[in-house]
Amino acid sequence: MMKTFKYNLRQFCAIFLLMFIVSGMQLKAQIIIDSTDMPFPGDVIHISTGLNIDFIDHTQTGENFTWDFSGLIPIYQTADTFVSPSQTPFTYQFFFLGRTNLAYRYMNDLPIPDFELTNVFYYYKNSHTRYVNAGYAASLNVLPLPFVLSSPDVLYRFPLQFNDQDSSVSGLVYNLPETAYLSIDRKRVNKVDGWGTLITPFGTFEVLRMTSEVTEHDSIYIDSLEMGVPVNRHYTEYKWLAKGQKIPVLKITSDVSGLIVTYTDSVRLDIDAVAEKDIKRESLIVYPNPAKK
């Protein structure tokens, strides 16, 4: 009887050890994203816009899932530089300095006659508990326009892990007397609905996959035209997040107009093609030339 008991105890210990090892392997694969994985002032991230995603259903997800986007064809590239809010135009700092700790220039200047849009910045706050978009700023014909969200748009809550869900409501009202009126009402619902391995032309990453459903109602009224334009939008963001990668290593935005696909990448150069497409100075045309991680 004792021999049988000892044998069964050994079996039990072996099975328990095996389960522990397997469980440990799974826990290691299911990464956790925190504030240290977000951008910091001084970070420069190259982002390629890709085509040719017909070969995969980007909505599929699950546990220990593999998303193979290695066949993406990059068509152009930008270099996003994150800065401190104190490095943005002084006329913006009164509204954002102190309430944010990160910014980046969203786009180059648009010298359109009678409508010169310059110095467009997005502002963020990265803390131990969450990463939020606090607002935007731009200059229209040299006039500074700070758009501060009354409640921030919560992009991530930390620590972020599989099966996490949250929602936030954000918006703003901006009134420029005798010129224009703008309001934005936005609701974001986030869910981390997958984890596993992502493959892109840049490399292979262990990731969390987040799906964000965003519903937005915008209203713009132009006094000179005595006309208002209401805009109702609904779009879905699919984001694959990896440790230490600052921004999603792959992001797909889906709305009624189609899909926008961007992913982090290495620098790719083709100066002639850039000039031909009249892309902003930092943008770079790209060809399939996968770089190792």
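Residues numbered from 1 in each chain as written. Predicted model: local features only at pLDDT ≥ 70, side-chain atom pairs only at ≥ 80, totals over all residues. Heavy atoms only, no water.

A.B. asks: Pulling in residues and values, what's your account of a nonpolar patch on the surface?
C.D. replies: On the surface, a nonpolar cluster with roughly 280 Å² of combined accessible area is contributed by Val173, Tyr181 and Tyr221. Assignment of secondary structure puts Val173 in strand S9 (residues 165–176). Judged by its relative accessible area of 60%, Val173 is exposed. (Patch = residues over 30% accessible without salt bridge, like charges linked within 9 Å, V, L, I, M, F, W, Y side chains within 5 Å. Areas by Shrake-Rupley, 256 points an atom, 1.4 Å probe, with all protein chains shown as cover. Salt bridge = Lys/Arg side-chain N within 4 Å of Asp/Glu carboxyl O. Helix = DSSP H or I, 4+ residues; strand = E, 2+ residues; numbered from the N terminus. Buried < 20%, exposed > 50% of the residue type's maximum accessible area, 1.4 Å probe, protein only.)

A.B. asks: Pulling in residues and values, what's your account of the pattern of salt bridges?
C.D. replies: Scanning the model with the defined rule gives 13 salt bridges in all. We note a salt bridge from Asp153 to Arg188, for which the minimum N-O separation is 2.8 Å. With Asp153 in strand S8 (residues 143–157) and Arg188 in strand S10 (residues 180–200), the pair connects residues that are 35 residues apart, well separated along the chain. In this pair, the class of Asp153 matches that of Arg188, namely buried. A salt bridge links Glu237 to Arg188; the nearest nitrogen and oxygen atoms lie 2.9 Å apart. With a gap of 49 residues between them, Glu237 in strand S12 (residues 227–242) and Arg188 in strand S10 connect regions that are remote in the sequence. In terms of burial, Glu237 and Arg188 fall into one category: buried. Residues joined in a network through salt bridges with shared partners are Asp153, Arg186, Arg188, Glu216, Arg233, Glu237, Lys239 and Lys251.

A.B. asks: So, the nonpolar core: which residues are in play, and what are the values?
C.D. replies: In terms of nonpolar packing, the biggest core is built from 21 residues, with Ile33, Phe82, Tyr131, Tyr156, Leu160 and Leu208 touching the most fellow members. Once residues lying within four places of it in the same chain are set aside, the contact partners of Tyr156 are Met38, Thr129, Arg130, Tyr131, Met210, Lys239, Leu241 and Pro248. Phe69, Leu198, Val207 and Ala242 belong to the second largest nonpolar core, which has 16 residues in total. (Core = buried A, V, L, I, M, F, W, Y, C linked by side-chain atoms within 4.5 Å. Contact = heavy atoms within 4.5 Å.)

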